[in-house]
Amino acid sequence: MGKQLYDFGMVGLGVMGRNFLLNVADNGFSIIGLDTNAEQAKALEEEAAGKVAKGTTKVKEFVASLKKPRRIMLLVPAGRVVDIVIEDLLKHVEKGDLIIDGGNSFFEDTDRRLAYLKEKKVEFLGVGVSGGAKGARFGPSIMPGGSKKAYNKVKKILEAVSAKVNGEPCVAYMGKGSAGNYVKMVHNGIEYAMMQLLAESYDILKNIGGLSNEELHKAYTKYNRGKLKSFLVEITAAIFAQPDDLGKGRLIDKILDKAKQKGTGKWTSQNAMDFGIPVPTIDAAVTMRGISSLKAERVAASKVLAVKGSKTKITKAKLVKAVGDALHFAFVTAYAQGLALLTDASKEKNYGLDMEATARIWRGGCIIRASLLEDIRQAYSENEHLPNLMIDPTFAASMKRTHKATRSIIKMGIDAGVPTLAFSASLAYFDAYRDGRLPLNLVQAQRDYFGSHTYERTDKKGKFHTEWS
Ligand code: 6PG
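Description of the structure in this document. Quick caveat, the model's predicted, so the values are computed rather than measured.

## Some details on the environment of K155
Point 1. With respect to the helices, strands and loops of the structure, K155 is situated in helix α7 (residues 148-161).
Point 2. For K155, a relative accessible area of 33% gives the class partly exposed.
Point 3. Measuring from C-alpha to C-alpha, the distance between K155 and A172 comes to 8.5 Å, with 17 residues separating the pair along the chain.

## With respect to the pairing of strand β7 (residues 141-146)
Point 1. With 6 of 6 residues buried, β7 lies mostly within the body of the structure.
Point 2. Burial along β7 is two-sided: the residues S141, M143 and G145 and I142, P144 and G146 are all buried.
Point 3. As paired strands, strand β6 (residues 123-130) and β7 are joined by 6 bridges and run antiparallel to one another. Pairing of G126 across the sheet is with G145, part of β7.

## Description of the sheet that holds strand β1 (residues 8-11)
Point 1. Ordered in space as β3-β2-β1-β4-β5-β6-β7, the 7 strands form an open sheet in which the pairing is mixed. With partners counted over all chains shown, the strands left at the sheet margins are β3 (53-56) and β7, one partner each. Ignoring strand direction, the axes of neighbouring strands in this sheet form an average angle of 20°.
Point 2. Packing of helix α2 (residues 38-47) onto the sheet brings it into contact with β2 (31-34) and β3, and relative to β3 it is tilted by some 170°.
Point 3. The strands touched by helix α5 (residues 107-119) within the sheet are β5 (98-101) and β6, with β6 carrying the most contacts at an inclination of about 155°.

## Quick notes on the site of the ligand
Point 1. The ligand sits among 14 residues. The nearest are S130, E191, Y192, K262 and R289.
Point 2. Here an oxygen atom of the ligand sits 3.0 Å away from a polar atom, N or O, in the main chain of G131.
Point 3. Within the side chain of N188, a nitrogen or oxygen atom sits 3.1 Å from an oxygen atom of the ligand.
Point 4. For the ligand, the accessible surface in isolation is 420 Å², of which the surrounding protein chains cover 80%.
Point 5. Among the elements that take part in the shell around the ligand, helix α8 (residues 179-207) stands out by supplying 5 residues, more than any other.
Point 6. Looking at the shell around the ligand residue by residue, the class counts come to 2 nonpolar, 8 polar and 4 charged.
Point 7. Viewed by domain, the shell around the ligand spans two of them, domain 1 (8-177) and domain 2 (185-433), each represented by three or more residues.

## Section: the environment of K58
Point 1. Structurally, K58 is set in the loop between β3 and α3 (59-64).
Point 2. Given a relative accessible area of 53%, K58 falls into the exposed group.
Point 3. A C-alpha to C-alpha distance of 41 Å links K58 and L246, two positions 188 residues apart in sequence.

Calculation notes
Residues numbered from 1 in each chain as written. Predicted model: local features only at pLDDT ≥ 70, side-chain atom pairs only at ≥ 80, totals over all residues. Heavy atoms only, no water. Helix = DSSP H or I, 4+ residues; strand = E, 2+ residues; numbered from the N terminus. Buried < 20%, exposed > 50% of the residue type's maximum accessible area, 1.4 Å probe, protein only. Pairing = 2+ DSSP bridges. Axes fitted to C-alpha atoms, helices over the stretch in contact; angles between N-to-C directions. Contact = heavy atoms within 4.5 Å. Near = heavy atom within 4 Å. Polar contact = N/O pair within 3.5 Å; in protein donor to acceptor, adjacent residues only side chain to side chain. Areas by Shrake-Rupley, 256 points an atom, 1.4 Å probe, with all protein chains shown as cover. Nonpolar A, V, L, I, M, F, W, Y, C, P; charged D, E, K, R; others polar. Domains from an automatic or database assignment.

In short, shape yes, function no, at least from these values alone.
Right under this line is the structure:
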């Protein structure tokens, strides 16, 4: 018998890498994993008992044990580690082999790596993977970018391991270059926005409506049975029911209110600014993580800046209904902003993104999966050039139905002193986008006044400058 050769290799056997690899093995492929930590390599072999699987700590053995052309995926921390691993692999791989980066890599790093590996005649894909540890194990949403030829080398495996919705795999070729990482970055931007909106809805329900954790659990459970059905709403409902394993009461009340971030939401905001595409709800979410981290300052300021707010009198049932409608409204704006950014980035970076395919593969497996995404897919299938999701007839009708509830809960927040930056950003985005004449004519006048920057007129063509007096 010849030496056992494996179909698929993984570098990085932490929870994500190991789970993804076990998922590949479940689908009938033989697997080999590489990690510098022998414990991790051993853990893989134990968990993969009964399957054709191997764990190793030696890069040479790892590469030599793979079928050609080799398919090697990396699930290691984004940044320098990816470059180090690529350098190590380059000592052993051959022309035509494929390296797949499955981490949350910054898209510009992917462009750089693509150019570098092209010189070495090694194929490379930058692939977004969403769904956390569970998703990796049982079906993530996968967003591959790079050359179609490279994708075809691994298409069968990625389709097999991905989540399925109505039998359709939650993976599709996204586009050229760093398209996969860009789509994943924007996915995370939308994720930040939805999480912040849920946090604000919790604040309103708890601090204006007076809902207990049990009532919150019930409210979000109810939301999840209707139009808001989504992974993030589902886990939010579950979180309110979780007892504190180290003390009395529910765990949520003991968790420090400082949100950390690895940077993908911030990258989305930064890049949207670079392209001049507004994503205010995502910006608000990033900003609120920043404010949350100023815990000591906030505690001190809560005394210095104490003001009395007034709580709107409203029944719990009515408030739950209004907040549900506002969440629906604001979720739509978050998807609309992210998808508008993707539409623009696709042109700027020549990715060739298919918006319907993007919505389709986000319907399952990923963190922002939601029943809304089927409607979004539908909207783009009817009009692939939709400039903004909000003007799709179905979404336009739903926003006209839900904007009032959004206004009402924001007003309640303003009166009570409950911050609603993300909800307010969503509403202002909607109001500004549907405003045929914004007051920015004044900004143009001011620019021309102090800087002779010129302005255009509504009634005549050309550029104008006025000697203002
Ligand atoms: C996913 C998640 C995943 C990760 C985030 C967390 O799609 O599976 O988005 O990528 O949990 O990077 O991001 P922060 O640490 O920035 O909140």
